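Listed below, chain by chain, are the residues.
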Amino acid sequence: MDKGTLVEFRQSSDRRLGIVDRPDGKARWFVVDERGQSHSLAPRQFSYIVTGQTYKPAQIPQFLQEVKPYLDPSSLEVAWELLVEGGETVTPADMANLLFSSSGAAQCYAAYWLLSEDKIYFKQKGEAYEPRTAAQVTERKHQIEVEALKARGQQEFLARVEQALKGEPVEWQRHDRQRLEGLEKYAALVADMVRVGLNSESLARAYPPPAPVLETMNLLGRQATPQGAYQLLVDLGWWGAHENLFVRRSSIPVQFHSKVLEVAQQRIESPVQDQDVNRLDLTHLKVYTIDDESTTEIDDGLSWELLASGREQLWVHIADPTRWLLPEDELDLEARKRGSTVYLPTGMIPMFPEILATGPMSLVQGQICCALSFGIILAPSGEVEEYSIHASIIKPTYRLTYEDVDEMLQLGVQAEPEIAAIATWAQKRKSWRYAQGAISINMPEAMIKVKGDDINIDLLDDSSSRQLVAEMMILAGEVAARYGKTHNIPLPFRGQPQPELPPEQELLLLPAGFVRACAMRRCMPKSEMSITPVRHAGLGLDTYTQATSPIRRYSDLLTHFQLKAHLRGEVLPFSAEQLKEVMLTVSTTTQEVTMVERQTNRYWALEYLRRHPNQVWETTVLMWLREDSGLALILLEDLGLQLPMAFKRHVSLGEEVLVKVTHADPQKDMIQFQEIIYQEAQALN
């Protein structure tokens, strides 16, 4: 190759021009570019050689100036139209003659430049270029258009991301939402990380990101892990800092489909015909609904009346959602899919649309309401003596809170003797159940509420009012089950096998109170469901079903469907086999709901403790988790929380210990405590 030959070579895909200077060994050449920089290149690295004359490095800019006027890509379309029919190949020199009517060095290089850059009309074939077919050109143009749209979409997405990261309001587009929803699904795997104890990198290896997620994370320069996706969504304000990943990872639907909401609205405006045409009119009774102040789904009420015979009759009125739906209709199937209302510290996810659940389905004070009413006469011992069940209409008189009822009982309010009478029967009822073998395990229970950025944890006290309501609900459940058993009706009966409790001598060796209750609780078998009656050992009942929360529990709704059909003398909506199949599906769903509720409560409990690092907590050592390594379960008595703690010294069960939190990470489900001595506690307080 002659000294002074002008050649093109590529450096990091960029075009560079240089002048051949001298050989570099036997197979390479030194090439000097316009800046005087020398490059050692093999001939195969030359992408084009300018023939016909020699140059000096200083002449390269002038040469490029000569080439520039010819670099019009649109001119290739004209050449393609002339060549496509014959399909003939062309060299850069041929193309220069065709386009510029000249084959000079500048024109030939310009033709080469256009052909080598072209992605539409020509493809390289050896040293020449072949025109693509018309179909290929159409397809290439479409591809380029799609790629350009994609690139523009990416840039616009990046601009909106920048806005969001600055905290500015953003109007996300449809394609943005698709990207972010893909990130949501992947980020929800963080909940799995907590569940199985994987770190972020291990989880990413176990669950590699889908291609769209990987593209988005790479585009934004973020680590393509579930944790990275989670943090991005938080940074964008798409998710809150405490997004409930347990709900997102579950199959629990958070929103109602528009069709279900439409049906709910239609039922309010045009209710289905009431199948219970002969409802018992109980509007003359004084009806008390007793709930927490925050309760919006009011599904039970209580009455007491003195009969002409001098006997006393209790009434348990249960909301009748079946008035507003039919078995297997849209509302019923939606409720079945959900299984139950989900109660979370941040709010509830209802089983029915709220416009129904908190409106016509609920027992609203001062309004005529449809109900399923259980009229019950108890023997002096507390045993059920007589009962009847009726589709009814009632008019709730008072909506009371538990605190209201406790106060009324303490003050002995003369104007409401019914409350005192119901409380008296509730106590007799409880005594009778314990005489039948009911088992009482009293452990403090935390009620966690989150509003905005505030977390409140209160102890759910076992007050007289709560005991009163609990006993009446259990009573209605027993009556419903007895009716089902007597008439051979398949119902979702609930039972609990007889537990094998530790011998009394062994229990007496444990400290009385929470430690002993904890030991008994460990021995309690799980409750079970059956379509035939079964004993419930924990409640001390030979037969039992849940029937008092049909707005909130689907199994209770099933009980209503079956009982009401039998009361009307109609064919049961669910045969034994059908009921068994539905119960199996619902049980699986409600187990998931229970798990999500438990995980979410634990998350907020750890977050609450994380925010109080200097608080000193009084705790009781409840039980050993791994005694050999000093890992125990402790009870934070003021909060009703039971959490693990590793001790560095020997402690005894029941020992009271002062602790503070040294580390809490709710997202990783981690909590660590440090024991402190009394003097330190005084100083901290």
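These numbers were taken from a predicted model, which means no experiment stands behind them.

Pairing is antiparallel across the open sheet formed by five strands, whose spatial order is β4-β3-β2-β1-β5. Among the strands making up the open sheet, the edge pair consists of β4 (38-41) and β5 (46-50). Ignoring which end each strand starts from, the neighbouring axes of this sheet average 40° apart. With four bridges connecting them, strand β1 (residues 6-11) and β5 associate as antiparallel partners. Its bridge partner lying in β5, E8 is registered against Y48. Along the sheet face, helix α4 (residues 105-117) touches β1, β2 (14-24) and β5 and points at about 125° away from the line of β2.

Here helix α12 (residues 258-269) contains 12 residues, and its C-alpha end-to-end distance of 17 Å stays within 8% of the 16 Å for a straight helix at 1.5 Å per residue. Among the residues of α12, V260, V263, A264 and R267 are the ones counted as buried. Along α12, the residues classed as buried sweep out an arc of 100° about the axis, all on the same side. Buried-residue contacts for α12 involve α13 (330-338) and α14 (354-357).

A separate point is the nonpolar core. Counting 38 residues, the largest nonpolar core has I290, V316, F374 and M472 as its most contacted members. Counting only elements with at least two residues in this core, the list comes to β9 (288-291), β10 (300-306), β11 (312-319), β14 (369-378), β15 (384-394), α15 (402-411), α16 (417-435) and α17 (464-486). Considering each element in turn, this core owes the most residues, 10 residues, to α17. Discounting chain neighbours no more than four positions away, the residues touching M472 are L302, L314, V316, I422 and A426. Grouped together as the second largest cluster of nonpolar side chains are 36 residues, V247, Y603, W624 and V657 included.

The next subject is unusual backbone geometry. Only a minority of non-glycine residues have a phi that is not negative, and only a minority of peptide bonds are not trans. Phi at S101 takes a positive value of approximately 55°, unusual for a residue other than glycine. One non-glycine residue, E328, lies in the positive phi region at around 75°. Along the chain, E328 turns up in the loop between β11 and α13. Residue classification places E328 among the partly exposed residues on the basis of a relative accessible area of 44%.

Attention now moves to a nonpolar patch on the surface. Together, V78, L82 and L98 make up a nonpolar patch on the protein surface, roughly 270 Å² of accessible area in all. Among the structural elements, V78 can be located in helix α2 (residues 75-83).

Let's shift gears to the packing of aromatic side chains. Given two aromatic rings, one states the distance between the centres and the angle between the planes to describe the pair. Within this structure, the stated rule accounts for 15 aromatic pairs. On the numbers, 6.4 Å between centres and 85° between planes, the contact of W172 with W238 is edge-to-face. Separated by 66 residues along the polypeptide, W172 in the loop between α5 (134-165) and α6 (174-187) and W238 in the loop between α10 (226-235) and α11 (245-249) bring together distant segments of the chain. Here the basic side chain of R323 rests over the ring of W324, its NZ or CZ set 5.3 Å away from the ring centre. Here the basic side chain of R433 rests over the ring of Y434, its NZ or CZ set 5.5 Å away from the ring centre.

On to the pairing of strand β3 (residues 28-33), then. Among the six residues in β3, five count as buried, and that is most of the element. Relative to β3, β2 is paired through six bridges, and the arrangement is antiparallel. Note that in β3 the partner of D24 across the bridge is R28. Linking β2 back to β3 in an antiparallel pair, the connection comprises three residues, with G25 at a positive phi of about 75°.

Quick look at the UniProt feature "domain: RNB" (unreviewed entry) in the protein chain now. According to UniProt, the "domain: RNB" (unreviewed entry) feature falls on residues 279-569. Here residues 279-569 runs as 33% helix and 24% strand, with 14 Å between its end C-alpha atoms.

With respect to the helices and strands, V534 occurs in the loop between β20 (528-530) and α20 (554-568). For the pair V534 and K485, spaced 49 residues apart in sequence, the C-alpha separation works out to 9.9 Å. The contact partners of V534, leaving out residues within four places of it in the chain, are R494, G495, E528, D542, T543 and Y544.

Glancing now at the environment of R516. Mapped onto the elements, R516 comes out in helix α19 (residues 514-523). Linking R516 and M623, residues 107 residues apart in sequence, is a C-alpha distance of 9.4 Å. Discounting chain neighbours no more than four positions away, the residues touching R516 are L507, L508, L510 and P511.

Take the sheet that holds strand β24 (residues 656-665) next. Pairing within the open sheet is antiparallel, and its five strands lie in the order β23-β22-β21-β24-β25. Strands at the two margins of the open sheet, each flanked by one partner only, are β23 (641-646) and β25 (670-675). For this sheet the average axis-to-axis angle between neighbouring strands, irrespective of direction, equals 45°. Pairing of strand β21 (residues 617-626) with β24, which is carried by four bridges, proceeds in the antiparallel orientation.

There is a patch of like negative charges on the surface, built from E293, E403, D404 and E407. With respect to the helices, strands and loops of the structure, E293 is situated in the loop between β9 and β10.

As a further point, take the pattern of salt bridges. Applying the stated criterion across every chain, the model contains 46 salt bridges. Across the pair R649 and E655 runs a salt bridge whose closest N-O atoms are separated by 2.7 Å. Salt bridges sharing partners connect three or more residues here, namely D274, D276, R279, D320, R323, K564, R568 and E570.

Here the focus is the pairing of β21. For β21, a buried count of seven out of 10 residues is recorded, marking the element as mostly surrounded by other parts of the structure. Bridge count between β21 and strand β22 (residues 631-636): six bridges; the pairing is antiparallel. Each bridged residue has a counterpart across the sheet, and for W624 the counterpart in β22 is A632. Where β21 folds back on β22, the antiparallel hairpin that results is connected by four residues, among which G630 adopts a positive phi of roughly 75°.

Definitions and limits used
- Residues numbered from 1 in each chain as written.
- Predicted model: local features only at pLDDT ≥ 70, side-chain atom pairs only at ≥ 80, totals over all residues.
- Heavy atoms only, no water.
- Pairing = 2+ DSSP bridges.
- Helix = DSSP H or I, 4+ residues; strand = E, 2+ residues; numbered from the N terminus.
- Axes fitted to C-alpha atoms, helices over the stretch in contact; angles between N-to-C directions.
- Contact = heavy atoms within 4.5 Å.
- Expected span 1.5 Å × (residues − 1).
- Buried < 20%, exposed > 50% of the residue type's maximum accessible area, 1.4 Å probe, protein only.
- Arc of directions from axis to C-beta.
- Core = buried A, V, L, I, M, F, W, Y, C linked by side-chain atoms within 4.5 Å.
- Patch = residues over 30% accessible without salt bridge, like charges linked within 9 Å, V, L, I, M, F, W, Y side chains within 5 Å.
- Areas by Shrake-Rupley, 256 points an atom, 1.4 Å probe, with all protein chains shown as cover.
- Salt bridge = Lys/Arg side-chain N within 4 Å of Asp/Glu carboxyl O.
- Phe/Tyr/Trp six-rings, centres within 6.5 Å; stacked < 30°, edge-to-face > 60°.
- Lys NZ or Arg CZ within 6 Å of the ring centre and 35° of its normal.
- UniProt positions renumbered as here; feature names shortened; annotations may be inferred.
- Lys, Arg positive; Asp, Glu negative; His and termini not counted.
- Charge placed at Lys NZ, Arg CZ, Asp CG, Glu CD.

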